[in-house]
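The chain contents come next:
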Amino acid sequence: MESKKRNRYLLFLGYGIMTILAYVVQFTPLMPCVFGAYPTPLLLLVIIVAMHENDWCGMIYGMLCGMLTDLNSLTPPGFYAVLYLCIGLICSLLVELLVQNNVISLLCVGGSVLLIHSVINCLVGAGFSAGSWLLYFTFYLRCAVYNLLALLVLYILFKLIFGFDIRYKKPRGVYPKKLLRQKMMQTVNRKEA
Amino acid sequence: MRFFFKSKRFKVILAIILILSLIGGVTGVVLATAPQSDILGAIIRPVQSAADSVAGTVGGFFDQMQENRAVLDENEQLKEQAAQDRYKLVDYEELQRQNEFYKEFLGIKEDHPSFSFEPAMVIARDTAQPFGTFTINKGSLAGVEQYDPVITSAGIIGYIGQVSATQSVVKTVLHPDINISVLDNRTRDSGNLTGDAALAQSGTCKMIYLPRDNAVAAGDLIISSGDGGVFPEGLMVGTVSEIKASENDTGYYAVIRPVEELDEVDDVMVLTDFEGQSHLAE
């Protein structure tokens, strides 16, 4: 029990170190610029961590990463904190309730999130002006595609660093009881099989 | 004793001594060298050389050890000295860079004595947006306020969009939200400089509201007019790249290349106060 707790602390320490690295990489452009697009490692970490953690962890981690992003952007204070909190919650719940945690799910969930994020980013940055659409295709969409590729690499790295079997999701009672029971039955059946 | 002197052995020894003395005497006079010495020398020399070599090696080993220790100490001292010199060189280069930076601003200060500068350094860049937004290391604690102009020695590059206690985010001239009242330095045609989503990626912005009969031409210098009180009058903003007809009205707009490549700006000055400044933040 104690070693489990210690592993958990180590895991959080790992998350912390990865977050600091991602922050440095994102805001002091160290990552290579491909066709004018840069990756946003903090958002990628939110997606990956949320997929591996429960909804509370996903939310809080998303909020923290959003707050870091808010530090260096011109959006209203707290904008990215709320946005990333929602992204963390949605990714976590999707893996908890609908899909399994594997590469295909990652590409589906991550791709959708990155696409929505790029649209929101474009609306917040460029607004509804005539050139916004052009900028969306020449910059924001490229960033989304680049991020998706980086997400895949980061996911594999994450699995290599933290092990392929980490999953600490625990039902917290926020889901409908019927759904929860189904989920638990599924888990039991899988274990028996 | 008498027996010894009369013995055969004594006679032989005496004969040998006499012969050797005779040979030595004769050759010493005639050849100036003694052959017995040569013979003995020939036998002894290799042994002597070997002994000398061994002695030299053993002695040299201890000497070498002492020398090595001295060389090591000296090496350490030199290394320390080199490290200190390197630090000094870095400091010197930094000072030289700062000196150049301040020297460039001296001209602006001489032309505009009312300007109050706050030097700042770029510490982060927002790469999620293509408008060159960056963060500087000075905030409200250093007297920086929202809407304070941010300039380099070349001219205006933006204003403070958001300010916190220790850092500020700069909205650059590429951002669509920015609006600077500008005029053509040659023709005095006036207009508004603003960012454009379609132009941002090429690192240019546009000067809008140009009248139909304007005389603005490519290569003209664009300066701030000082209207509105956010930016001071007479600072460079950019140069005209081309003139285009506006799609939304009958006027024209000029594509402007800013005074600096915004991705490469490292040191900036925040104009915390100047004559005619309207404190919008208040």
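S.K.: Got a sec to walk through the overall build of chain B? Specific residues and values, please.
M.R.: The helix and strand tally for chain B stands at four helices and 12 strands. Burial analysis of chain B (282 residues in total) assigns 35% to the buried set. Of the contacts formed within chain B by residues at least 6 apart in sequence, a portion of 56% connects residues at least 24 apart. Accessible area of chain B: about 16700 Å², with a carbon and sulfur share of 56%.

S.K.: Would you mind going over the pattern of salt bridges in detail, with residue names and values included?
M.R.: Residues and elements named next belong to chain B. For the coordinates displayed, the defined rule picks out seven salt bridges over all chains. In this structure, Lys138 engages Glu118 in a salt bridge whose closest nitrogen and oxygen atoms are separated by 3.1 Å. Here Lys138 is found in the loop between strand E2 (134-136) and strand E3 (149-151), whereas its partner Glu118 is found in strand E1 (residues 116-125), with 20 residues between them in sequence. A salt bridge links Lys244 to Glu242, with the nearest nitrogen and oxygen atoms 4.0 Å apart. For Glu242, a relative accessible area of 37% gives the class partly exposed.

S.K.: Tell me about the sheet that holds E2 of chain B, and name the residues and values.
M.R.: Residues and elements named next belong to chain B. Strand order in the closed barrel formed by six strands is E1-E2-E5-E4-E3-E12, with antiparallel pairing between adjacent strands. For this sheet the average axis-to-axis angle between neighbouring strands, irrespective of direction, equals 45°. Note that E3 and strand E4 (residues 156-163) share three bridges and pair antiparallel. Directly across from Ile151, in E4, lies its bridge partner Ile156.

S.K.: Any chance you could break down the pairing of strand E11 (residues 252-258) of chain B for me, citing the residues and the numbers?
M.R.: All names here are of chain B. With five of seven residues buried, E11 lies mostly within the body of the structure. Across four bridges, the pairing between strand E8 (residues 205-210) and E11 is antiparallel. When the bridges of E11 are listed, Met207 appears paired with Ala254. The pairing of strand E10 (residues 236-245) with E11 spans seven bridges and is classified as antiparallel. Across the sheet, Val240 pairs through a bridge with Ile256, a residue of E11. Between the antiparallel neighbours E10 and E11 lie six residues.

S.K.: Hey, could you go over the packing of helix H2 (residues 41-52) of chain A against helix H5 (residues 103-125) of chain A for me, with residue numbers and the actual values?
M.R.: Residue and element names in this part refer to chain A. Where H2 meets H5, the axes come as close as 11 Å, and the angle between the chain directions of the two elements is 140°. By the angle between their axes, H2 is oblique relative to H5. Judged by the twist between their axes, the crossing of H2 over H5 is right-handed. Listed contacts from H5 to Leu43, Leu44, Ile47, Ile48 and Met51 of H2 are Ser105, Leu106, Gly110, Val113, Leu114 and His117. Among the residues making up the contact of H2 with H5, the classes are represented as eight nonpolar, three polar and no charged.

S.K.: Describe the environment of Leu151 of chain A, with residues and values.
M.R.: All names here are of chain A. Considering the arrangement of structural elements, one finds Leu151 in helix H6 (residues 132-162). Residue classification places Leu151 among the buried positions, given a relative accessible area of 0%. Placed 44 residues apart in sequence, Leu151 and Leu107 show a C-alpha to C-alpha distance of 8.3 Å. Residues in contact with Leu151, not counting those within four places in the same chain, are Leu44, Ile47, Ile48, Leu106 and Gly110.

S.K.: Explain the confidence of the model for chain A residue by residue, including any values.
M.R.: All names here are of chain A. Of the residues in chain A, 87% reach a pLDDT of 70 or more, and the chain-wide mean stands at 83. When mean pLDDT is taken per element in chain A, H2 scores highest with 92 and helix H7 (residues 177-192) scores lowest with 73. Counted against residues more than four places away or in other chains, residues 170-174, with its pLDDT under 50, gives six contacts.

S.K.: Any chance you could break down the interface of chain A and chain B for me, citing the residues and the numbers?
M.R.: At the interface, 29 residues of chain A touch 22 residues of chain B. Both faces combined, the contact of chain A with chain B buries some 1900 Å², and carbon together with sulfur accounts for 55% of it. Summed over the shared surface of chain A and chain B, the result is zero salt bridges. If you list the elements that add at least two residues to the side of chain A that touches chain B, you get helix H1 (2-27), helix H3 (55-71), H5 and H6 of chain A. Partitioning the side of chain A that touches chain B into residue classes produces 14 nonpolar, 13 polar and two charged.

Definitions and cut-offs
Residues numbered from 1 in each chain as written. Chains lettered and ligands numbered in written order. Predicted model: local features only at pLDDT ≥ 70, side-chain atom pairs only at ≥ 80, totals over all residues. Heavy atoms only, no water. Helix = DSSP H or I, 4+ residues; strand = E, 2+ residues; numbered from the N terminus. Buried < 20%, exposed > 50% of the residue type's maximum accessible area, 1.4 Å probe, protein only. Contact = heavy atoms within 4.5 Å. Areas by Shrake-Rupley, 256 points an atom, 1.4 Å probe, with all protein chains shown as cover. Salt bridge = Lys/Arg side-chain N within 4 Å of Asp/Glu carboxyl O. Pairing = 2+ DSSP bridges. Axes fitted to C-alpha atoms, helices over the stretch in contact; angles between N-to-C directions. Parallel < 35°, antiparallel > 145°, perpendicular 65-115°, else oblique. Left-handed = near helix turned anticlockwise from the far one by under 90°. Nonpolar A, V, L, I, M, F, W, Y, C, P; charged D, E, K, R; others polar. pLDDT = per-residue confidence, 0-100. Buried area = accessible area lost by both parts, 1.4 Å probe.

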